[in-house]
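# Chain and residue survey
What follows is each chain in one-letter form.
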Amino acid sequence: MENTINWSELSFGYMKTDYNVRCYYRNGRWGELEVSSSETVSIHMSATCLHYGQEAFEGLKAFRGKDGRIRVFRMDENAKRLQSSARGIMMAEFPVEKFEEAVCKAVRLNERFIPPYGSGASLYIRPLLVGMGALIGVRPADEYMFLVFVTPVGPYFKTGFRPAPVCMMRAFDRAAPNGTGTYKVGGNYAASLTAGNKAQENGYVAVLYLDPKEKLYLDECGPANFFAIRNNTYITPASNSILPSITNKSLTQLAADMGLKVERRPVPVSELGTFEEAAECGTAAVITPISRIDDLDENRSYIYSKDGKPGPTCEKLYNKLVAIQTGDEPDPYGWVKIIE
Ligand SMILES: *Cc1c(COP(=O)(O)O)cnc(C)c1O
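Residues numbered from 1 in each chain as written. Predicted model: local features only at pLDDT ≥ 70, side-chain atom pairs only at ≥ 80, totals over all residues. Heavy atoms only, no water.

This part covers the overall build of the protein chain. When helices and strands are tallied, the protein chain shows six helices and 18 strands. For the protein chain, whose C-alpha radius of gyration is 20 Å, the value lies close to the compact-globule estimate of 20 Å for 340 residues. In terms of overall dimensions, the protein chain has C-alpha extents of about 55 × 50 × 35 Å along its principal axes. Across the protein chain, every contact between residues at least 6 apart in sequence was considered, and the portion connecting residues at least 24 apart equals 71%. Looking at the protein chain as shown, the accessible area adds up to about 15700 Å², and 49% of this sits on carbon and sulfur atoms. A gap of 1 Å separates the mean positions of the 39 positive and 40 negative side-chain charges of the protein chain. (Helix = DSSP H or I, 4+ residues; strand = E, 2+ residues; numbered from the N terminus. Rg over C-alpha atoms; globule rule 2.2 N^0.38 Å. Contact = heavy atoms within 4.5 Å. Areas by Shrake-Rupley, 256 points an atom, 1.4 Å probe, with all protein chains shown as cover. Lys, Arg positive; Asp, Glu negative; His and termini not counted. Charge placed at Lys NZ, Arg CZ, Asp CG, Glu CD.)

The following block contains the structure:
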């Protein structure tokens, strides 16, 4: 079949591809990987994912390089994080090797949907793990489904690699102090919809959440981690209610190797006025520089970009990470897996 996709106009949305890969956990063990061309799943109406939110997901990307080869970024980290999420909400853990095999299979089977080099677009990979067992009492399911589908995507934020404003609103939390904030579970996203929607209605790309216990420290930006640059230092919050971002982990390494100091520690709100650059980071957008943080409760603004341009350190980190992902620069870290 001919491709008629306009790669440069892709949004961060769902587009039907040819195949997805599934695997079922029954009778205490995972079965074989199955290939499906159906976009739907059949689920018992009493499945735990539907009632009690027993669901976790992942997000990663594949890129087509200048050399035509397909590269997937740090999928072992996504596999391990899905296992951590599974433990967090008592689901069966999906084996790392099987995860990698399923991802490679889904990418290969949908090769015609991988955007060409230089388009700025990529193939987004979405693995899911859901509780399938029929239960009414609140208990972990005894059956699970792992599924991975792919869809070509353009940049996550319409503004692209340009600074965008975020806001702070203390009336909302995305996760509880000792809750599920460190796991990539759908429930955290349901909890963030009201605040996220409110922010968007007011022209912000994201909410910068504060620590849910004291509201004194910075947590993260909805679906992306937060970092700031000051005095040649990469500063990112340590907290037990944020999701450990693989992009952030990668940027931390790149920053250190570029000669920046790295600080991962509680970051008090009172430091916001001292940063030279601020940004959010995650697989979807890589880095979104923050132009301005509006504290809507205190009626204060912190400005990080006045000219519509990203700060120099954000730009350097962004270019370096994207170059490794697409194969433009060597990958000394072993982050990239080439799919043959
Ligand atoms: C997925 C996610 C991120 C970003 O993680 P990456 O591994 O960099 O994509 C950040 N915060 C939350 C809440 C997330 O769910």
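Moving on: the environment of D18. Along the chain, D18 turns up in the segment before β1 (20–26). A C-alpha to C-alpha distance of 32 Å links D18 and G88, two positions 70 residues apart in sequence. Setting aside its immediate chain neighbours within four residues, D18 contacts S36, S37, L109, N110, R112 and F113. Polar side-chain contacts of D18 include one of 2.8 Å to the side chain of R112. (Polar contact = N/O pair within 3.5 Å; in protein donor to acceptor, adjacent residues only side chain to side chain.)

Once that is clear, we can look at the pairing of strand β17 (residues 300–303). Sheet topology places strand β16 (residues 286–295) next to β17; four bridges connect them, and they run antiparallel. Among the inter-strand pairings, I293 is bridged to a residue of β17, identified as Y302. Counting the residues in the hairpin turn of β16 and β17 gives four residues, including N299, whose phi is positive at 60 degrees. (Pairing = 2+ DSSP bridges.)

Take the packing of aromatic side chains next. One pass over the full model with this rule turns up twelve aromatic pairs. Ring centres of Y14 and F149 lie 5.8 Å apart, and the angle between their planes is 80 degrees; this geometry places the pair in the edge-to-face category. Of this pair, Y14 sits in the segment before β1 while F149 sits in strand β8 (residues 144–153), and the two are 135 residues apart along the sequence. (Phe/Tyr/Trp six-rings, centres within 6.5 Å; stacked < 30°, edge-to-face > 60°.)

A few words now on the domain arrangement of the protein chain. By domain assignment, the protein chain separates into domain 1 (7–153) and domain 2 (164–326). Placing the centre of domain 1 and that of domain 2 at their C-alpha centroids yields a distance of 26 Å. Listed per partner, the contact involves 23 residues of domain 1 and 17 residues of domain 2. Summed over both partners, the interface of domain 1 with domain 2 comes to about 1800 Å²; 63% of that surface belongs to carbon and sulfur atoms. Measuring nitrogen to oxygen at the nearest pair gives 3.1 Å for the salt bridge that ties K249 to E77. Put simply, the parts of the chain that give the side of domain 1 that touches domain 2 at least two residues each are β4 (55–57), β5 (60–64), β6 (70–73) and α2 (75–88). Considering only residue class, the side of domain 1 that touches domain 2 consists of nine nonpolar, six polar and eight charged. (Domains from an automatic or database assignment. Buried area = accessible area lost by both parts, 1.4 Å probe. Salt bridge = Lys/Arg side-chain N within 4 Å of Asp/Glu carboxyl O. Nonpolar A, V, L, I, M, F, W, Y, C, P; charged D, E, K, R; others polar.)

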